[in-house]
Amino acid sequence: MQPVFICLCYDRIRMADIMSENDLNAGSLLLNKDNFNVIEIRYLTKNYGKFSAVCNMSLSVKQGEIFAMLGPNGAGKTTTVEILECIKTPTAGFISILGENILYAPAGNIFMVQDANFNGIKEKIGVLPQDFSAFDLLTVYENIDYFANIYRKHESVDGLIDFLGLKDKRNVLFKNLSGGLKRRVGIAIALVNNPEIVFLDEPTTGLDPKARRDVWEAIKSLKARGKTVFLTTHYMDEAYYLADRVCIVNKGSIIAEGSPEDLINEYGGGNTLVIRECGSDAICRLVEEIPESNVVGRDVQVKLPKDGGMAIIAKAVSIINSGNFSCKELYVKKSTLEDVFLNLTGEKLTERGQ
Ligand SMILES: Nc1ncnc2c1ncn2[C@@H]1O[C@H](COP(=O)(O)OP(=O)(O)OP(=O)(O)O)[C@@H](O)[C@H]1O
């Protein structure tokens, strides 16, 4: 019998996503020699009563990449990672992590868990939960050592302290560390069992810009160590800087997926030429001669075409020069993942993401 996934997404009900037996064979999903998918999700759904926190989600993560799930608060990021971490049980769907398959399939009216090896998965993953905290009255060393000793085989505690740049904080109480250092201790703890995949749930929320940068570098070094990183974030600059691939989620569904550059190229709406404070005469000339011009306050903005728009830029410069106009500055504003989100949803990511 073929498993039938019934997704109760109440805003747009999909009754029949059907996976074939072949699809559910881990071999066919995972073992592509060049592109080993360490995480595979198919038709994942998590309902709380009539509300779908995760709705029919499918994605795959390749070995060794940094994969970011980007979305505003309440988009379903934590729910998804907690399902992958085997903390939460989904309503329906198929998950494969490092070759361990879990199928949440309906049997009559009941969703049954089949083929689950939760311990097998937990041994191979590391987790930095959202709002991570450790023992306030233990030192950095003692905290990491405590978690390391939960595992029979574990990494060297001092090795992890070195790797996360915490050597001079080794004997400092956790409660006396800055927010950024606390997150680095959290990453060290996530690594104690030498996991193949590290899940980082909003690892820089609430940190100041310098601390965020430091945590970013720590995350980059995980990739250099060969780890696969699954990151959730509502910071588009974080996803842009760190991720090889990003999936953008909104209201429990994936709305776009790809490398940051590809997403920006496809959905970012192109770059914008900004001519700041050039005066009313110049504004009139620019609007007259460059039909794509928009007046925004005291500035003129021109959406540039995908080819880079060199002709438009040259024309604008020539108008400014030939008319002896002066402007405060003239620059090209690159579109960002924020624009991608805005164009796809009509809403600003930052407004709901903060
Ligand atoms: N146990 C629960 N019962 C009911 N609703 C829940 C429960 N847990 C989460 N939700 C809801 O599911 C939605 C998704 O929550 P989730 O925590 O996964 O979002 P998120 O993208 O991680 O955002 P945040 O950064 O705010 O945690 C939210 O609307 C949340 O209120």
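Rules of the game
- Residues numbered from 1 in each chain as written.
- Predicted model: local features only at pLDDT ≥ 70, side-chain atom pairs only at ≥ 80, totals over all residues.
- Heavy atoms only, no water.
- pLDDT = per-residue confidence, 0-100.
- Contact = heavy atoms within 4.5 Å.
- Axes fitted to C-alpha atoms, helices over the stretch in contact; angles between N-to-C directions.
- Helix = DSSP H or I, 4+ residues; strand = E, 2+ residues; numbered from the N terminus.
- Left-handed = near helix turned anticlockwise from the far one by under 90°.
- Nonpolar A, V, L, I, M, F, W, Y, C, P; charged D, E, K, R; others polar.
- Core = buried A, V, L, I, M, F, W, Y, C linked by side-chain atoms within 4.5 Å.
- Buried < 20%, exposed > 50% of the residue type's maximum accessible area, 1.4 Å probe, protein only.
- Pairing = 2+ DSSP bridges.
- Disulfide = S-S within 2.5 Å.
- Salt bridge = Lys/Arg side-chain N within 4 Å of Asp/Glu carboxyl O.

**So, the confidence of the model for the protein**
- Confidence in the prediction for the protein averages 86 pLDDT; 86% of positions are at 70 or higher.
- Across residues 1-33, where pLDDT falls below 50, the model places 67 contacts with residues more than four positions away in sequence or in other chains.

**Description of the packing of helix 10 (residues 280-289) against helix 11 (residues 310-322)**
- Orientation of helix 10 relative to helix 11, taken along the N-to-C sense of each, is 145°, at an axis distance of 10 Å. In this structure, helix 10 crosses over helix 11, and the sense of that crossing is right-handed. Residues Arg-285, Leu-286 and Glu-289 of helix 10 form the contact with helix 11, whose own contacting residues are Lys-315, Ala-316, Ile-319, Ile-320 and Ser-322.
- In terms of residue class, the contact of helix 10 with helix 11 is made up of 4 nonpolar, 1 polar and 3 charged.

**Thoughts on the nonpolar core**
- Ile-144, Val-185, Ile-187, Leu-200, Ile-219 and Val-246 are the most contacted members of the largest nonpolar core, which has 47 residues in total.
- Apart from the residues lying within four places of it in its own chain, the contact partners of Leu-200 are Leu-128, Ile-187, Ile-219, Leu-222, Val-229, Phe-230, Leu-231 and Thr-232.
- In terms of nonpolar packing, the next biggest core, distinct from the first, is built from 27 residues, Leu-59, Val-61, Val-81 and Tyr-104 among them.

**Brief notes about the pairing of strand 13 (residues 253-258)**
- Across 5 bridges, the pairing between strand 12 (residues 245-250) and strand 13 is antiparallel. The residue bridging Cys-247 from the neighbouring strand is Glu-257, located in strand 13.
- Taking the residues that link successive antiparallel strands as the turn, the strand 12-strand 13 hairpin has 2 residues, and the phi of Lys-251 there is positive, at about 50°.

**Comments concerning unusual backbone geometry**
- With a phi angle near 60°, Asn-56 is a residue other than glycine that sits in the positive phi range.
- For Asn-56, the location among the structural elements is in strand 4 (residues 51-62).
- In this structure, Asn-324 is a non-glycine residue whose phi angle is positive, near 55°.
- Looking at the secondary structure, you find Asn-324 in the loop between helix 11 and strand 17 (329-333).
- Judged by its relative accessible area of 72%, Asn-324 is exposed.

**Details of the state of the cysteines**
- Under the criterion given, the structure shown has 0 disulfides.
- In this model Cys-284 remains outside any disulfide bridge; the closest cysteine sulfur is found in Cys-278, 9.7 Å from its own.
- Here Cys-327 stays unpaired: no disulfide links it, and the sulfur of Cys-278, its closest cysteine neighbor, is 6.3 Å away.

**Considering the sheet that holds strand 14 (residues 272-276)**
- Strand order across the open sheet formed by 4 strands is 15-16-14-17, with antiparallel pairing between neighbours. Strand pairing shows two members of the sheet lacking a second neighbour, strand 15 (293-296) and strand 17, which therefore form its edges. The mean angle between the axes of side-by-side strands here comes to 20°, regardless of whether they run parallel or antiparallel.
- Pairing of strand 14 with strand 17 involves 5 bridges; the strand directions are antiparallel. Looking at strand 17, one finds that Thr-272 is bridged to Lys-333.
- Running at roughly 150° to strand 15, helix 10 makes contact with strand 14, strand 15 and strand 16 (299-303) of the sheet.
- Of the strands in this sheet, strand 14, strand 16 and strand 17 are in contact with helix 11, which crosses strand 14 at around 10°.

**What to know about the pattern of salt bridges**
- Throughout the structure, instances matching the rule amount to 21 salt bridges.
- Between Glu-257 and Arg-245 there is a salt bridge whose closest N-O contact spans 2.9 Å. Here Glu-257, found in strand 13, pairs with Arg-245, found in strand 12; they are 12 residues apart in sequence, far enough to count as distant.
- Note on Glu-257: relative accessible area 34%, which makes it partly exposed.

**Some words on the environment of Gly-76**
- Along the chain, Gly-76 falls in the loop between strand 5 (66-70) and helix 2 (77-84).
- Distance from Gly-76 to Gly-252, taken between C-alpha atoms, is 4.9 Å for residues 176 residues apart in sequence.

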